[in-house]
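Residue-level listing of the chains:
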Amino acid sequence: MTSLSPGLYIVATPIGNLGDLSPRASEVLAHADLIAAEDTRVTATLLRHIGAKRPMQPYHDHNADAVRPALIARLAREAVALVSDAGTPLISDPGYKLVRDARAAGHPVVTIPGPCAAIAALTLAGLPTDRFLFMGFLPAKQGAKAAAIAEVATIRATLVFYESGPRLAATLAALGDGLGDREAAVTREITKRFEEAVTGTLSTLAARYADAPPRGEIVVVVGPPGEAPPASAEDADAALAEALTRLPASKAAGEVAKRLGLDRKALYARAMEMKR
Ligand code: SAM
């Protein structure tokens, strides 16, 4: 590849191990007319690694609104690559408004996918991956953190959080309080020399890190809630009695069967008994 067609290129970069930079990412970075970088010093190191030197423009939370219009204007004639300090841009990093505005202005948007700490952590944790919810960073303040956790307490999915060492123990304790003592994993320094994944319940992990905040970058993965215990005969009777005040027996049985995961025919028979 010697030149890139004009447009916005979203380029994922390594989260630790420079060997994870894909050949395609390397090509795009080496040939972009401009690289919009979260921190140009960090990106300069990456460019040195691939032996490239390209013009860079800082694009971060504090200047994004001011510089975005000029970047969008350049997309008409130039290939602009967006990178963050590590991993996939837009994932707990700036970029979504740039993509939104590039699309709105009719410019091509191309992605060069690659490392992402959240996805890498899921591959290490050994927790269900069929459904997961990326939560990014929780708020630092205790009340707001508890509220954010409460909001997702009933979601039947594995939860993924970004966190820092000094805040880890408090966050694990807050997660245990809000979600119950679920299975979890603390993954740390992924793809780097001291990569590790420590698994256990939220309470054992909170105790482990209480007096020993770990160094480095961290992703916490929390398993989904356990299966709810089966509804008792009393629960079923109470739900049926209530439903029968609103619905005929067959509909009441159907509604309760769906809600409590019980057999509709048995519930219908019980509803007829109750009506008598
Ligand atoms: N855009 C990045 C991505 O795709 O993963 C995430 C950027 S976010 C500002 C930085 C956070 O990602 C860190 O605080 C940490 O929680 C997580 N992270 C980044 N690199 C990591 C690594 N090598 N190991 C564990 N967590 C990492």
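A. Quick peek at the overall build of the protein. For the protein, the count of helices and strands is 11 helices and 10 strands. Here the protein has a C-alpha radius of gyration of 25 Å; the compact-globule value for 276 residues is 19 Å, and the former is much larger. Principal axes of the C-alpha set define a box for the protein whose edges measure 85 × 50 × 35 Å. Across the 276 residues that make up the protein, the buried fraction comes to 42%. About 14,500 Å² of surface is accessible on the protein, with carbon and sulfur atoms providing 55% of the total.

B. Structural view of the pairing of strand β6 (residues 132-137). Strand direction decides the pairing type here: β6 and strand β7 (residues 158-164), joined by five bridges, are parallel. For phenylalanine 134, the partnering residue across the bridge sits in β7 and is valine 160. Following the chain from β6 across helix α6 (residues 142-151) to the adjacent parallel β7, one finds a crossover that is right-handed.

C. Quick peek at the sheet that holds strand β2 (residues 34-37). Ordered in space as β3-β2-β4-β1-β5, the five strands form an open sheet in which the pairing is parallel. Only two strands of the sheet have a single neighbouring strand rather than two, namely β3 (56-58) and β5 (109-112). Pairs of neighbouring strands in the sheet enclose a mean axial angle of 25 degrees, with direction left out of account. Summarising the sheet, strand β1 (residues 7-11) and β5 pair through four bridges and their orientation is parallel. Bridging from a neighbouring strand, tyrosine 9 pairs with valine 110 of β5. Against the sheet, helix α1 (residues 23-31) makes contact with β1, β2, β4 (79-83) and β5, and its axis sits at roughly 130 degrees relative to β5, the strand it touches most.

D. Seen up close, the site of the ligand. Around the ligand, the structure places 18 residues, and the nearest of them are Thr88, Asp93, Ala117, Tyr162 and Ile218. In the environment of the ligand, a nitrogen atom lies 3.5 Å from a nitrogen or oxygen atom belonging to the backbone of glutamate 189. With the chains in place, 90% of the 570 Å² that the ligand exposes on its own is no longer accessible. Looking at the shell around the ligand, the elements that each hand over two or more residues are β7 and β10 (217-222). Along the lines of polarity and charge, the residues of the shell around the ligand split into 10 nonpolar, three polar and five charged. Two domains each donate at least three residues to the shell around the ligand, and these are domain 1 (7-115) and domain 2 (118-222).

E. Looking closely at the nonpolar core. Residues Leu172, Leu175, Tyr209, Val220 and Val222 are the most contacted members of the largest nonpolar core, which totals 23 residues. Going through the elements one at a time, α6, β7, α7 (165-179), β8 (183-188), α8 (202-210) and β10 are the ones with two or more residues in this core. At six residues, α7 tops the list of elements feeding residues into this core. Here valine 222 is in contact with Leu127, Ala157, Thr158, Leu159, Phe161, Leu175, Leu179, Arg182, Glu183, Ala184 and Leu202, once residues within four sequence places are set aside. Listed in part, the 17 residues of the second largest apolar core include Leu4, Val11, Ala79 and Ala81.

F. The side chain of asparagine 63, seen in detail. Mapped onto the elements, asparagine 63 comes out in the loop between β3 and α3 (64-74). Within polar-contact distance, the side chain of asparagine 63 engages the backbone oxygen of proline 58 at 2.9 Å. Apart from the residues lying within four places of it in its own chain, the contact partners of asparagine 63 are Gln57 and Pro58.

G. Looking closely at the packing of α7 against α8. The contact between α7 and α8 brings their axes to 8 Å, and the two run at 160 degrees. The angle between α7 and α8 falls in the class roughly antiparallel. The crossing of α7 and α8 is left-handed. Facing Leu168, Ala169, Leu172, Ala173, Leu175 and Gly176 of α7, the residues of α8 in contact are Leu202, Leu205, Ala206, Tyr209 and Ala210.

H. Region of the structure containing the packing of aromatic side chains. Going through the model one piece at a time under the given rule, you end up with two aromatic pairs. Between phenylalanine 134 and tyrosine 162, the ring centres sit 5.0 Å apart and the planes meet at 70 degrees, which makes this aromatic pair edge-to-face. Separated by 28 residues along the polypeptide, phenylalanine 134 in strand β6 and tyrosine 162 in strand β7 bring together distant segments of the chain. For phenylalanine 134, a relative accessible area of 31% gives the class partly exposed.

Calculation criteria
Residues numbered from 1 in each chain as written. Predicted model: local features only at pLDDT ≥ 70, side-chain atom pairs only at ≥ 80, totals over all residues. Heavy atoms only, no water. Helix = DSSP H or I, 4+ residues; strand = E, 2+ residues; numbered from the N terminus. Rg over C-alpha atoms; globule rule 2.2 N^0.38 Å. Buried < 20%, exposed > 50% of the residue type's maximum accessible area, 1.4 Å probe, protein only. Areas by Shrake-Rupley, 256 points an atom, 1.4 Å probe, with all protein chains shown as cover. Pairing = 2+ DSSP bridges. Right-handed = clockwise from strand over helix to strand, strands pointing away. Axes fitted to C-alpha atoms, helices over the stretch in contact; angles between N-to-C directions. Contact = heavy atoms within 4.5 Å. Near = heavy atom within 4 Å. Polar contact = N/O pair within 3.5 Å; in protein donor to acceptor, adjacent residues only side chain to side chain. Nonpolar A, V, L, I, M, F, W, Y, C, P; charged D, E, K, R; others polar. Domains from an automatic or database assignment. Core = buried A, V, L, I, M, F, W, Y, C linked by side-chain atoms within 4.5 Å. Parallel < 35°, antiparallel > 145°, perpendicular 65-115°, else oblique. Left-handed = near helix turned anticlockwise from the far one by under 90°. Phe/Tyr/Trp six-rings, centres within 6.5 Å; stacked < 30°, edge-to-face > 60°.

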